[in-house]
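Listed here are the chains, written in short residue letters.
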Amino acid sequence: MTEITLSQLYRDLESRIADLENRFIRTVPEGEMISDDVIDAARAFRVLSHSEIEGYLEDRVLEVAEIALTTWDKERKPTVPLVALVGFFPMEKKKFDVSHRIHFAVAEYKKSVRNNNNGIRQEDIYKLLYPVGFLDQDIDELWLAEIDNFGQKRGDTAHSKAKQAQYTVHPNDEVRAVGTILQGLKEIDRQLTGFLSC
């Protein structure tokens, strides 16, 4: 079996995270005191990385929904994302034209992602991935806990002053957490591509 190619969106995310790491992260040996400048830079890395990860997830699921819709319109070929979307966004009116129902579901999903997504916490991940075909067993629980924790920490960082924080942001921990999140996103990216061929 050939390995599924990563999307351009994922490759762009990896590149952007590497840029942020080069710009903001200063390696600190374990046990060494961390200066305020290093902590502030690590806080910036956390917030900006979160933004890039959230943007990637939103863009990628919208891209997949659009590709699934285009495949339907051109070939009348149902895909996993399309079937899932119709299941998640049923029409209230009793119109039986399947194409109309499909377009409605995709439009509702796009609206939901653009207007209602608020981060990368567990609930946000479910709202982004379930409607395009993910099942519980498709999402690694340890990865989900990691991204949820990262999302919570980002919220704490963005909504509190550095001096009020109850913890220190360590640059090594931030790099490790983002690396773990990227590894999980790499698998999700491949699964999304695979869903389009089913």
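Residues numbered from 1 in each chain as written. Predicted model: local features only at pLDDT ≥ 70, side-chain atom pairs only at ≥ 80, totals over all residues. Heavy atoms only, no water.

Our next topic: the nonpolar core. Side chains of nonpolar character tend, in soluble globular proteins, to be buried together. In this structure, I53, L57, F134, W143, I147 and L185 are the most contacted members of the largest nonpolar core, which totals 48 residues. Considering every element that reaches this core, the biggest residue donor is helix α2 (residues 36-75), with twelve residues. Setting aside anything within four residues of it in sequence, one finds F134 in contact with L129, I139, I188, Q191, L192 and F195. Formed by six residues, the second largest nonpolar core is a distinct cluster that contains V28, V38, A42 and V169. (Core = buried A, V, L, I, M, F, W, Y, C linked by side-chain atoms within 4.5 Å. Buried < 20%, exposed > 50% of the residue type's maximum accessible area, 1.4 Å probe, protein only. Helix = DSSP H or I, 4+ residues; strand = E, 2+ residues; numbered from the N terminus. Contact = heavy atoms within 4.5 Å.)

Below, the discussion takes up the packing of α2 against helix α4 (residues 98-116). Angle between the axes and distance between the axes are the two parameters that describe a pair of packed helices. Orientation of α2 relative to α4, taken along the N-to-C sense of each, is 170°, at an axis distance of 10 Å. For the element pair α2 / α4, the angle class is roughly antiparallel. Contact with α2, carried on its side by E58, V61, L62, A65, E66, L69, W72 and D73, involves V98, S99, I102, H103, V106, Y109, K110, V113 and R114 of α4 and no other residues of that element. Residue classes in the contact of α2 with α4 are distributed as ten nonpolar, two polar and five charged. (Axes fitted to C-alpha atoms, helices over the stretch in contact; angles between N-to-C directions. Parallel < 35°, antiparallel > 145°, perpendicular 65-115°, else oblique. Nonpolar A, V, L, I, M, F, W, Y, C, P; charged D, E, K, R; others polar.)

Right, let's get into the side chain of K110. Considering the arrangement of structural elements, one finds K110 in helix α4. If near-sequence neighbours (up to four positions away) are discounted, K110 is found in contact with L62 and E66.

Before going further, it helps to spend a moment on α4. At 3.6 residues per turn, the α-helix brings residues three or four places apart onto the same side. Taking 1.5 Å per residue as the helical rise, α4 with its 19 residues ought to reach 27 Å, and the 26 Å between its terminal C-alpha atoms agrees with that figure. If you follow the buried residues of α4, they end up packed against α2, α3 (80-88) and α5 (122-129). Capping of α4 at its N-terminal end is provided by D97; its side-chain oxygen lies 2.9 Å from the backbone amide nitrogen of S99. (Expected span 1.5 Å × (residues − 1). Polar contact = N/O pair within 3.5 Å; in protein donor to acceptor, adjacent residues only side chain to side chain.)

Summed over the entire model, instances satisfying the criterion amount to ten salt bridges. Put simply, R60 and D189 hold a salt bridge, and the shortest N to O gap is 2.8 Å. With R60 in helix α2 and D189 in helix α7 (residues 171-195), this residue pair connects regions lying 129 residues apart in the sequence. Here R60 and D189 have matching classes, each one buried. (Salt bridge = Lys/Arg side-chain N within 4 Å of Asp/Glu carboxyl O.)

Moving on, we come to the side chain of H170. You can see H170 is positioned in the loop between α6 (141-158) and α7. Take H170: its relative accessible area is 13%, and that puts it in the buried class. One polar contact links the side chain of H170 to the main-chain amide nitrogen of N172, over a distance of 3.1 Å. Once you skip the residues sitting within four places of it in the chain, H170 turns out to touch V28, E30 and I34.

For the rest of this paragraph, the subject is the packing of aromatic side chains. For the structure shown, the criterion picks out four aromatic pairs. Relative to Y56, the ring of Y10 lies with its centre 5.9 Å away and its plane at 80°, an arrangement referred to as edge-to-face. On the criterion of sequence distance, the pair formed by Y10 in helix α1 (residues 8-24) and Y56 in helix α2 is long-range, its members being 46 residues apart. This pair shows no difference in class: Y10 is buried, exactly as Y56 is. Between F134 and F195, the ring centres sit 5.0 Å apart and the planes meet at 70°, which makes this aromatic pair edge-to-face. Of this pair, F134 sits in the loop between α5 and α6 while F195 sits in helix α7, placing them 61 residues apart in sequence. (Phe/Tyr/Trp six-rings, centres within 6.5 Å; stacked < 30°, edge-to-face > 60°.)

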